[in-house]
Amino acid sequence: MRPRFFSKYEWWYHLTMMPIFFVAGNYYFIGDSYFSDFKTFLIGTELVFVLYWFSIIVLTVAIRWVIARFPHFHQNGIRLIVMLILVGSMTMLLAVFDVWAYSIFPYLKVDFVWDKIWPIMILGIFFDFFLCAALGLFYAFEKWKQNQTESEKLERIALQQQFDTLKGQVNPHFLFNSLNTLSSLIGEDKDMAEQFVEDLSKIYRYMLQAAKVEFACLSTELEFLETYARLLKVRYGEGLQFKLPQPNFYKGIVLSPLSLQNLVDNAIKHNMMSISKPLIITIDVLADRRISVKNNLQKKIRSIDTQEALLANLVAKYSFLSNEAVEVIDQDKYFTVILPVIMERELSNWSG
């Protein structure tokens, strides 16, 4: 079983190179006696095995540090230069160490002298060039595969999000309940009925627009949510309460469209509400610009799995939009979802 420290490509590379370096290295240090004397062959092979893997592990750690320091494709040039300088310097030190290690075994008859050291340095630097190139190639290939996988996954999530949005636009239960509420308002309060129709029109118009964009600014989402909350309160009355921040105070913060509405729906579908025990949904912007959606827990006896899937899709989508994960906190009295800051990138599909 191959060590997990190395990738599949690194492992096969070293398996291929080991016989070459074992024979060439021992012939250089020991000479013909390496092949003619069994004890010399045994000591030399064991020693070069230990020295080879010690050097490889040290150099691999150094190379991976450089890759982690310069991970992006546009940093290929500086990454290779830094890698060669660092690895080349370490190779010269390892060459001195290797000659010294051979010299402490009297039976091998290797002298710790400069004439033995400098050819190893040159050979090591030559080897480093191919090692850095090979590891850089492996890294680029793995990164390409990872990007392809993430792109395909993000595309599937985006399609699912669009599908969920479209389902939300024609949600028969929401539309049926809204029409029932409107019907009762027409006979009781025509002014409120007109406001209700206007709010319902704004909601569906915004949903149609949200299906076409990848990002939305927080201020726009909060303005939409004010309209959505006003419509919900007509139906639920004082049993549903909202605490929203002022939209104009948070320019420059972006999020996935309809994220807040999805979390509000998630809270309503999972919790009971009444005038005596209202469901209170609080949306706030934290000091680090993350967005918190919090509600008191009054769980229904039966939950709705589709809403759990909706939250799972939202979590998955944010895993591609941010360097941080969505934080879900399920406590005894409160349920909180914290949306992370979307990482800086070119928002070519977003305007506003």
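Before reading on, note that the structure itself is shown above.
What counts and what doesn't
Throughout, residues of each chain are indexed from 1 in the direction in which the sequence is written. Totals for whole chains, interfaces and linings use all residues, but because this is a predicted model, local features are given only for residues with pLDDT of at least 70 and pairs of side-chain atoms are given and counted only at 80 or more. Think of the side-chain values as coming from all heavy atoms in the structure, minus any hydrogens and water. A pocket here means an open set of points on a 1 Å grid, computed over the protein atoms alone, that has protein on both sides within 12 Å along at least five of seven lines. A cavity is instead a set of points where a 1.4 Å probe fits but cannot get out; residues with an atom within 4 Å of a point line either one. Grid points are joined across faces, edges and corners, and a volume is the space filled by probe spheres set on the points. Secondary structure follows DSSP: runs of H or I at least 4 residues long count as helices, runs of E at least 2 residues long count as strands, and numbering of each begins at the N terminus. We call a residue buried when its accessible area falls under 20% of the maximum for its residue type, exposed when it is over 50%, and partly exposed in between, using a 1.4 Å probe and counting protein chains only. We define a polar contact as two N or O atoms separated by no more than 3.5 Å, with the added condition that, inside protein, one atom must be a possible hydrogen donor and the other a possible acceptor, whereas residues neighbouring each other in sequence contribute only through side-chain atom pairs. When checking whether two residues touch, look at their non-hydrogen atoms; a contact exists if any pair is within 4.5 Å. Should a side-chain nitrogen of Lys or Arg be within 4 Å of a carboxyl oxygen of Asp or Glu, the pair is scored as a salt bridge. Strand pairing is assigned whenever DSSP detects at least two bridges linking the two strands. Simply put, an axis is a line fit to the C-alpha atoms, just over the touching stretch for a helix, and the angle between two N-to-C directions goes from 0 to 180 degrees. Oblique is the label for every angle not falling under 35 degrees (roughly parallel), over 145 degrees (roughly antiparallel), or within 65 to 115 degrees (roughly perpendicular). For a crossing to be left-handed, the near helix must be turned anticlockwise from the far one by less than a right angle; the clockwise case is right-handed. Polar here means any residue other than Ala, Val, Leu, Ile, Met, Phe, Trp, Tyr, Cys and Pro, which are nonpolar, and Asp, Glu, Lys and Arg, which are charged; Gly is therefore polar. One fewer than the residue count of a helix, multiplied by 1.5 Å, yields its expected span. For this analysis, a ring pair means two rings from Phe, Tyr or Trp (six-membered ring only for Trp) whose centres lie within 6.5 Å, classed as stacked if their planes differ by under 30 degrees, edge-to-face if by over 60, and tilted for the remaining angles. Charge-over-ring placement is defined geometrically: NZ (Lys) or CZ (Arg) within 6 Å of the ring centre, and within 35 degrees of the ring normal.

Student: Would you take a moment to explain empty space enclosed by the protein for this structure?
Tutor: Unoccupied space between atoms shows up once a probe the size of one water molecule is rolled over them. Taken as a whole and assessed by the stated rule, the structure comprises three cavities of 30 Å³ or more. Put simply, the largest cavity is a space of about 410 Å³. Taken together, 20 residues form the lining of the largest cavity, with Phe 21, Tyr 52, Ser 55, Asp 98 and Ile 120 sitting closest to its centre.

Student: Would you take a moment to explain unusual backbone geometry for this structure?
Tutor: Across the chain, the bulk of peptide bonds are trans and the bulk of non-glycine residues have phi less than zero. Positive phi, normally seen in glycine, also occurs at Lys 109, with a value near 55°. Tracing the backbone through its elements, the reader meets Lys 109 in the loop between helix H4 (76-103) and helix H5 (114-169). The exposure class of Lys 109 is exposed, given its relative accessible area of 73%. Despite not being glycine, Arg 289 shows a phi value in the positive range, around 75°.

Student: Quick question: what am I supposed to make of the side chain of Gln 298 here?
Tutor: Structurally, the position occupied by Gln 298 is in the loop between strand E5 (291-296) and helix H10 (305-321). In terms of polar contacts, Gln 298 uses its side chain to reach the backbone carbonyl oxygen of Lys 277, at 3.1 Å. The contact partners of Gln 298, leaving out residues within four places of it in the chain, are His 270, Asn 271, Met 272, Met 273, Lys 277, Pro 278 and Leu 279.

Student: Just checking my understanding: could you explain the pattern of salt bridges for this structure?
Tutor: Opposite charge on two side chains permits pairing when their charged atoms draw close. Taken as a whole, this structure holds five salt bridges when the rule is applied. Here Arg 230 and Asp 199 are joined by a salt bridge, their closest N and O atoms 2.9 Å apart. Of this pair, Arg 230 sits in helix H8 (residues 218-236) while Asp 199 sits in helix H7 (residues 190-210); the two residues are 31 residues apart in sequence, bridging distant segments of the chain. Residues Asp 330 and Lys 299 are paired through a salt bridge, measuring 3.7 Å at the closest nitrogen-oxygen approach. Residue Asp 330 is located in strand E6 (residues 327-330), and its partner Lys 299 is located in the loop between E5 and H10; the two are separated by 31 residues in the primary sequence. Three or more residues are tied together by salt bridges with common partners; here these are Asp 288, Arg 290 and Glu 327.

Student: How do you make sense of the sheet that holds E5 when you look at a structure like this?
Tutor: One key point about sheets: their strands pair by backbone hydrogen bonds, in either a parallel or an antiparallel sense. Taken in spatial order, the five strands of this open sheet run E2-E4-E5-E7-E6, and their pairing is mixed. Taken across any chain shown, the strands that pair with only one partner, and hence form the sheet edges, are strand E2 (240-243) and E6. Ignoring strand direction, the axes of neighbouring strands in this sheet form an average angle of 10°. Across six bridges, the pairing between E5 and strand E7 (residues 334-339) is antiparallel. Bridge assignment links Asn 296 to a residue of E7, and that residue is Tyr 334. In the packing of H8 onto the sheet, the strands contacted are E2, strand E4 (279-285) and E5, and the crossing angle to E2 comes to about 160°.

Student: I tried to follow the packing of H8 against helix H9 (residues 259-270) on my own but got confused; where do I start?
Tutor: Axis angle and axis distance: for two packed helices, these are the angle between their axes and the distance between the axes, and together they describe the pair. One way to put it is that H8 packs onto H9 with a least axis distance of 9 Å and a crossing angle of 30°. Taken together, the axis directions place H8 and H9 in an arrangement best described as roughly parallel. Seen from above, H8 lies across H9 with right-handed handedness. Contact residues: Leu 218, Glu 221, Leu 222, Phe 224, Leu 225, Tyr 228, Leu 232 and Tyr 236 in H8; Ser 259, Leu 260, Gln 261, Val 264, Asp 265 and Ile 268 in H9. Of the residues belonging to the contact of H8 with H9, the class tally is 10 nonpolar, two polar and two charged.

Student: How should I be thinking about the pairing of E2 in this particular structure?
Tutor: Walk down a regular strand and you will see the side chains alternate between the two sheet faces. The two faces of E2 differ: Leu 240 and Phe 242 on one face are buried, but Gln 241 and Lys 243 on the other face are not. The pairing of E2 with E4 spans four bridges and is parallel. Within E4, the position partnered with Lys 243 by the bridge is Thr 282.

Student: Would you mind showing me how to read H9 here?
Tutor: End to end, H9 covers 17 Å across 12 residues, agreeing with the expected 16 Å (1.5 Å per residue, within 8%). Counting buried positions along H9 gives 11 out of 12 residues, so the element sits mostly inside the fold. Regarding H9, the residues found buried are Ser 259, Leu 260, Gln 261, Asn 262, Leu 263, Val 264, Asp 265, Asn 266, Ala 267, Ile 268 and His 270.

Student: Would you take a moment to explain the packing of aromatic side chains for this structure?
Tutor: How two aromatic rings sit relative to each other is set out by the distance from centre to centre and by the angle between their planes. Taken as a whole, this structure holds nine aromatic pairs when the rule is applied. Between the aromatic rings of Phe 97 and Trp 100, the centroid separation amounts to 5.9 Å while the plane-to-plane angle is 35°, which identifies the pairing as tilted. Remark: Trp 100 and Phe 97 occur in helix H4; sequence separation between them is three residues, near one turn of the helix. Linked through ring pairs, Phe 22, Phe 49, Tyr 52 and Trp 53 together constitute an aromatic cluster. Geometry around Tyr 107 places Lys 39 over its ring, the cationic atom sitting 4.5 Å from the centre. Across from the ring centre of Phe 70, 5.0 Å away, lies the NZ or CZ of Arg 69, which sits over that ring.

Student: Please clarify how the side chain of Thr 336 should be interpreted in this entry.
Tutor: With respect to the element layout, Thr 336 can be found in strand E7. Under the relative-accessibility criterion, Thr 336 is labelled buried at 8%. The contacts of Thr 336, once residues within four sequence positions are left out, are Ser 292, Val 293, Lys 294, Glu 327, Val 328 and Ile 329.

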